[in-house]
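A structural walkthrough
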Amino acid sequence: MDLLNAFIVLANFVLVPAIAYGSQLALGALGVTLVYGILRFSNFAHGDTMAFGTMAVILCTWGLQAAGVSFGPLPTALLALPVGIAAASLLVLGTDRLVYRFYRRTKAAPVTFVIASLGVMFVMNGLVRFIIGPDDQRFADGERFLISARDFKTLTGLDEGLAVRTTQVITVIVAIVVVALLFWFLNKTRTGKSMRAFSDNEDLALLSGINPERVVVYTWLIVAALATIAGTLYGLDKSFKPFTYFQLLLPIFAAAIVGGLGSPLGAIAGGFVIAFAEVTITYPLKKVLGYALPEAWEPDNLVQLLSTDYKFAVSFMILLIVLLFRPTGLFAGKSV
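The notes below deal with the structure included here. Remember, predicted model here, so these are calculated numbers, not experimental data. (Residues numbered from 1 in each chain as written. Predicted model: local features only at pLDDT ≥ 70, side-chain atom pairs only at ≥ 80, totals over all residues. Heavy atoms only, no water.)

Brief notes about the pattern of salt bridges
- Under the counting rule described, the total for this entry stands at seven salt bridges.
- Ionic pairing is found between glutamate 160 and lysine 287, a salt bridge with its closest N-O pair at 3.3 Å. Of the two residues, glutamate 160 is situated in the loop between α5 (149-156) and β2 (164-165) and lysine 287 in helix α13 (residues 286-292); the sequence distance between them amounts to 127 residues.
- By relative accessible area, which is 11% here, glutamate 160 ends up buried.
- With relative accessibility at 43%, the residue lysine 287 sits in the partly exposed group.
- With its nearest N and O atoms 2.6 Å apart, the salt bridge here joins arginine 165 to aspartate 237. Note that arginine 165 is positioned in strand β2 and aspartate 237 in helix α9 (residues 212-237), a separation of 72 residues in sequence.
- Through salt bridges that share partners, Arg40, Lys107 and Glu202 make up one connected network. (Salt bridge = Lys/Arg side-chain N within 4 Å of Asp/Glu carboxyl O. Helix = DSSP H or I, 4+ residues; strand = E, 2+ residues; numbered from the N terminus. Buried < 20%, exposed > 50% of the residue type's maximum accessible area, 1.4 Å probe, protein only.)

Here's the deal with the environment of valine 273
- With respect to the secondary-structure elements, valine 273 resides in helix α12 (residues 264-281).
- Classification of valine 273 as partly exposed rests on a relative accessible area of 35%.
- Residues valine 273 and valine 258, spaced 15 residues apart in sequence, show a C-alpha to C-alpha distance of 8.1 Å.
- With near-sequence residues (within four places) excluded, valine 273 lies in contact with Val258 and Leu330. (Contact = heavy atoms within 4.5 Å.)

Notes on the nonpolar core
- In this structure, Leu27, Leu30, Leu34, Trp220, Leu226, Phe240 and Leu248 are the most contacted members of the largest nonpolar core, which totals 90 residues.
- It is helix α1 (residues 2-39) that contributes the most residues to this core, 16 residues altogether.
- Core analysis: the next-biggest nonpolar cluster, separate from the first, contains seven residues, Ala11, Leu158, Leu162 and Val164 among them. (Core = buried A, V, L, I, M, F, W, Y, C linked by side-chain atoms within 4.5 Å.)

Quick notes on the environment of alanine 292
- Secondary-structure assignment places alanine 292 in helix α13.
- What makes alanine 292 partly exposed here is its relative accessible area of 36%.
- Spatially, the C-alpha atoms of alanine 292 and isoleucine 19 are 23 Å apart, while their sequence positions differ by 273 residues.
- Contact partners of alanine 292, with chain neighbours within four places excluded, come to Leu3 and Ala6.

Quick word on the side chain of threonine 61
- Along the chain, threonine 61 falls in helix α2 (residues 46-66).
- Overall, the relative accessible area of 0% leaves threonine 61 in the buried class.
- Here the side chain of threonine 61 touches valine 57 through a polar contact of 2.7 Å, landing on its backbone oxygen.
- When near neighbours in sequence (up to four residues on either side) are disregarded, threonine 61 contacts Thr76, Ala77, Ala80 and Phe139. (Polar contact = N/O pair within 3.5 Å; in protein donor to acceptor, adjacent residues only side chain to side chain.)

Observations regarding the packing of aromatic side chains
- This model, assessed by the stated rule, comprises twelve aromatic pairs.
- Measuring from centroid to centroid gives 6.5 Å for tyrosine 21 and tyrosine 234, while their planes differ by 50°, and the two rings are tilted. Here tyrosine 21 is found in helix α1, whereas its partner tyrosine 234 is found in helix α9, with 213 residues between them in sequence. Each member of the pair, tyrosine 21 together with tyrosine 234, is buried.
- Over the ring of tyrosine 21 we find lysine 311; its NZ or CZ atom is 5.2 Å from the centre of that ring. (Phe/Tyr/Trp six-rings, centres within 6.5 Å; stacked < 30°, edge-to-face > 60°. Lys NZ or Arg CZ within 6 Å of the ring centre and 35° of its normal.)

Given below as structure tokens:
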């Protein structure tokens, strides 16, 4: 029974949060890896693209809530997702037309695109803060828990309870649906195959009659959708704060590079690797070990490898190790 209680504690504070967080990072990393694989540069404005799309979702959600519109037990933000995706799409397409297209036509070096994306990042970050403010914004409504710790204890008779938030379940389900649709699009549709061909060999794709501008437009549309969905799911699960999305850029890039930058499958795997590493290393395991070990061996300290304040440092350390020893990542993406 003690081992079961230990597993419930671990599931409550490590497994379930890490699965939800990993799903959010995977969606974000997919956007980064698509830009790198198809447009051939590292988009440092991706975190703030997530923030902008989520901001549009929040504003639309507030409008729907003020009008008395709800989605029953589900968050109203899910109804506002199309508005956020449309706003983010207009933003990234406008940015591409005003900034990136010039460098693409002049065949600028990849580092030039990176520097340009840094400038775009600061502009987007300032725009989001100007519109919605720098403070935390909560916009989740509907049922908070799918199952509460108290109900779980009553059902099972265990000393520990498992609490599963509705937003965590929604995150996993939406991530699975979005990833399945993305892979179907890339592998089964003509446009998706064109994007893959353009990523594999740009010159050969052009000789085959593929329109590069069309590939660019579809890439940005998909990236905007992935960024908005990932940002909204993260905001529902935790809260929305513009600077937090700027900080998310590190674990998102770490996930993309760990999995193999340019590999969609690697981005998904990398998202879960980073999420489980961050959550596990920063969680105090004293309670888990108290159940799992004999009483004489019960630890006196928290058994916490790193404080939660250093959560993003875990991503940085993993990123550094991968860049030093396996720059192509787990799924042998393009060398960084």
